[in-house]
Amino acid sequence: MKKVYRMGRSEAFYALQGVDLVVPEGDFVSIIGASGSGKSTLLHMLGFMDSPTEGDLLYEGRQVGRLSDAEMTRVRSRDIGFVFQTFNLVASLTAWENVALPAEFIGAGTARQRRERALELLDMVGLKDRAGHKPSELSGGQRQRVAIARSLMNRPKLLLADEPTGNLDSTTGGQIVELLQKLNAEGQTIVLVTHNPEIAARSKTVYRMKDGLLRRVVAGDFFAAD
Amino acid sequence: MIRLAYKNILFRKMRAILTVVGIASSIMLAVLMSAVMTGTERTFKDSIGNMGGMIRIQPKSDALSGTSIDTLPGGLVLTKASVDEVFSKATGYDPAASAAVLSQVLVAPSAPNNPPRMVLSGIAPGKEGAVLTGAPAESGESKLTGEYDVILGFSAHQQLSETAGRTLAVGDSVTLPGAPGQWVIKGILKARDAYTDASVVVPLATAQTSLKRGDGVSYVTLSYPVDKAEAAAEELKSTLPDVDVVTTGAMLQSVNKALTAQRQFMALIKGAVYATAVAIIFMVMYTSVMERTKEIGTMRAVGASRATVVGGVLVEAAVFSLLGAVIGITITWFLTASWRSGGGFITPKEYTVDAIKTMGTALLIALISALYPSLRAARVNPLEALRYE
């Protein structure tokens, strides 16, 4: 895949120069790279929030790069879970209401069923006792755990995490990665984007992104300078 | 969608309260304008409607065209000779409800194009029906027997009681402003319409002496069956070229003309009020969408469709508008209580109909003014929104 941004009539910026990536089910993939390397662009494409300028984006064998906004939204809401660097919780909703949001958008279950599932997920991330609190009443780590719970609400096939520990201290960040590892151990497919090699090292497969090109990292090459 | 809108409103309480207060104020003004117009139009139409198939013969004057007889200068009267000529040439009228009337405004209207607050009508005893048109008496009787008898309309009685400092009753003496004499109350009428309520009916001869009009009268009123009035009026116009012949239909037309300017003014004010409400909702919803760009982007990223986003904004606007409308209409209901009491300016049913129409308009305003902000919200690109700080 390639992604080109046009700036003016003649200038073009290649966010992705040519990326080939296959994410097998059940894998825990990390994409590591410096700021501006194109890793977030790739992640957004995997999450059907953006489409490639050239090349094919296939999901379960289907060509999704050319879908309409409505169709991409539908696939995204059912099959993709997102975890953002800045948590991005809705300030006016409580923790459980934030978790239940993706299910509410697709009309899954009754209100009671959604609430029960949301509480289940919060329990799984260790925050059941904070279910009725608003994001402003939670710490950074707690908010990120709520965001992870939210991303799992619709039982997505793929969980995408964009710098999930970027706004957290190292201890809290470590706890978040542990949670992701636990989810992966239970079968969740995860793609995580980070600039921190220590975080990346805790996944099963690591790719390095540099100048819009993706390369698989092998053992011994892991902490090599960019 | 409704739940999200409701949560957002609760989360930003101060903004919500101020928005609702703004809308409520606009709606209050709009409902008041509607009530005033409805009441004024009904008052005039009722008053004229009660005259049924009445024809008025009044002094001819181009300057008087469309002018209410009650505001005629004192010098313009029909002489006895003219009156006799009218009765000799008119045919087919009801004698019991037809008579010569001397009319004089005792208390002027409170605003232009409103009916006078007190009007003296001098009429021959036994012909009271020609002026009162069947209005029932609350107390006493609606028949003149004594030289200084007076029958008071509902609001005329209230005004005179206020001046006297006590509630006047049948048998009491009363002073009429601008009509010298020691009048005695013979009857007090029930509330009916603006003109009847403002009536002060006295014997014609006494009125002519008191107001120094010699044998002159202001007009002759002839009562016809409703379906025969127009034809009778046309005949009289040809046989009585020196006087004006005015039917209820013509009176309605002249009232309509007078009310047109008032209607236009009220419509202008209402338009300005609704425009203010539109501006309030637009500003609030637009600002809300701009503030929540990242939140909207998040919702889109986790699966909200464009329709959900649009719907959320529209629902929020509708809630502000309806809440403001309910509060504004309720407050105005209490403020206009006196308008609706005892045969008042406007009936509860009329007020309710106006209120429902205003509520519908408020909802429409909400949807129109929130449409652009909602479509803008729907166009938020999740990617760009998530980068938005």
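The structure displayed is predicted, hence computed values, not measured ones.

Calculation criteria
- Residues numbered from 1 in each chain as written.
- Chains lettered and ligands numbered in written order.
- Predicted model: local features only at pLDDT ≥ 70, side-chain atom pairs only at ≥ 80, totals over all residues.
- Helix = DSSP H or I, 4+ residues; strand = E, 2+ residues; numbered from the N terminus.
- Buried ≥ 20, exposed ≤ 12 C-beta atoms within 10 Å, placed from the backbone.
- Contact = placed C-beta atoms within 7 Å.
- Pairing = 2+ DSSP bridges.
- Core = buried A, V, L, I, M, F, W, Y, C linked by C-beta atoms within 7 Å.
- Nonpolar A, V, L, I, M, F, W, Y, C, P; charged D, E, K, R; others polar.
- Axes fitted to C-alpha atoms, helices over the stretch in contact; angles between N-to-C directions.
- Parallel < 35°, antiparallel > 145°, perpendicular 65-115°, else oblique.
- Left-handed = near helix turned anticlockwise from the far one by under 90°.
- Arc of directions from axis to C-beta.

1. Here we look at the overall build of chain B
Helix and strand counts for chain B stand at 14 helices and ten strands. Relative to its full complement of 389 residues, chain B shows a buried share of 43%. Considering only contacts in chain B between residues 6 or more positions apart, those separated by 24 or more positions represent 82%.

2. Notes on the overall build of chain A
Within chain A one finds seven helices and ten strands. Across the 226 residues of chain A, 46% fall into the buried class. Across chain A, the fraction of contacts at a sequence separation of at least 24, relative to all contacts at a separation of at least 6, is 68%.

3. Some details on the pairing of strand β2 (residues 99–107) of chain B
All names here are of chain B. Taking burial as the measure, the nine residues of β2 include seven buried ones, the bulk of the element. Bridge count between β2 and strand β9 (residues 219–223): three bridges; the pairing is antiparallel. Bridge pairing links Val 101 to Tyr 219 in β9.

4. A word on the nonpolar core
Of all hydrophobic cores here, the largest spans 106 residues; its most connected members are Val 99 and Leu 122 of chain A together with Ile 281 of chain B. Excluding its chain neighbours within four sequence positions, the residues that come into contact with Leu 122 of chain A are Ala 95, Trp 96, Val 99, Leu 127, Lys 128, Ala 131 and Ala 149 of chain A. One finds Val 119, Leu 176, Ala 198 and Tyr 224 of chain B within the second-largest nonpolar core, a separate group that totals 57 residues.

5. Regarding the pairing of strand β10 (residues 213–216) of chain A
Residue and element names in this part refer to chain A. When strand β9 (residues 205–210) meets β10, the two strands line up antiparallel, connected through four bridges. For Met 209, the partnering residue across the bridge sits in β10 and is Leu 214. The turn linking β9 back onto β10 is made up of two residues, and Asp 211 within it adopts a positive phi angle of 50 degrees.

6. Some words on unusual backbone geometry
Of note in the backbone geometry, Phe 87 of chain A takes a positive phi value of approximately 65 degrees without being a glycine. Residue position: Phe 87 of chain A is located in the loop between β6 (80–83) and α3 (95–106). Non-glycine residue Thr 133 of chain B carries a positive phi angle of around 40 degrees. Looking at where Thr 133 of chain B falls in the secondary structure, it is placed in the loop between α4 (129–132) and β4 (137–140).

7. A look at the interface of chain A and chain B
The accessible area lost on association of the parts is a frequent measure of interface size. If you look at the interface, chain A gives 19 residues, while chain B gives 15 residues. Going through the elements one at a time, α2 (69–79) and α3 of chain A are the ones with two or more residues in the side of chain A that touches chain B. Grouping the amino acids of the side of chain A that touches chain B by side-chain chemistry returns eleven nonpolar, five polar and three charged.

8. What to know about the packing of helix α1 (residues 2–11) of chain B against helix α11 (residues 306–335) of chain B
Residues and elements named next belong to chain B. Put simply, α1 and α11 touch, their axes get as near as 8 Å, and they point 55 degrees apart. Regarding the angle of α1 to α11, the classification is oblique. Taken as a pair, α1 and α11 cross one another with a handedness that is right-handed. Between α1 and α11, the contacting residues are Ile 2, Leu 4, Ala 5, Asn 8 and Ile 9 on the first element and Gly 312, Val 315, Glu 316 and Val 319 on the second. Along the lines of polarity and charge, the residues of the contact of α1 with α11 split into six nonpolar, two polar and one charged.

9. Thoughts on the sheet that holds β10 of chain A
Residues and elements named next belong to chain A. Taken together, six strands build an open sheet; the order of strands is β6-β7-β8-β3-β9-β10 and the sheet is mixed. In this open sheet, the two edge strands, each paired with only one partner strand, are β6 and β10. Direction aside, the axes of adjacent strands within the sheet are offset by 20 degrees on average. In the sheet, strand β3 (residues 28–32) pairs with β9 via four bridges, with the strands oriented parallel. In the sheet register, Val 29 faces β9, and the bridge partner there is Thr 205. Sheet contacts for helix α5 (residues 140–151): β6 and β7 (158–162); angle to β6, the most-contacted strand, approximately 170 degrees.

10. With respect to α1 of chain B
Because an α-helix completes one turn every 3.6 residues, residues spaced three or four positions apart along the sequence face the same direction. Residue and element names in this part refer to chain B. Taken together, the buried positions of α1 are occupied by Leu 4, Ala 5, Asn 8 and Ile 9. Here the buried residues of α1 occupy an arc of 135 degrees about the axis, which is enough to place them on one side. When the buried face of α1 is taken as reference, the exposed residues oriented beyond 90 degrees from it are Ile 2 and Leu 10.

11. Things to note about the environment of Trp 96 of chain A
Residues and elements named next belong to chain A. Relative to the helices and strands, Trp 96 is located in helix α3. When the 25 C-beta atoms within 10 Å are taken as the criterion, Trp 96 is described as buried. Here the alpha-carbon distance between Trp 96 and Leu 119, two residues 23 residues apart in the chain, equals 6.3 Å. Excluding residues within four positions of it along the chain, Trp 96 makes contact with Arg 115, Ala 118, Leu 119, Leu 122 and Ala 131.

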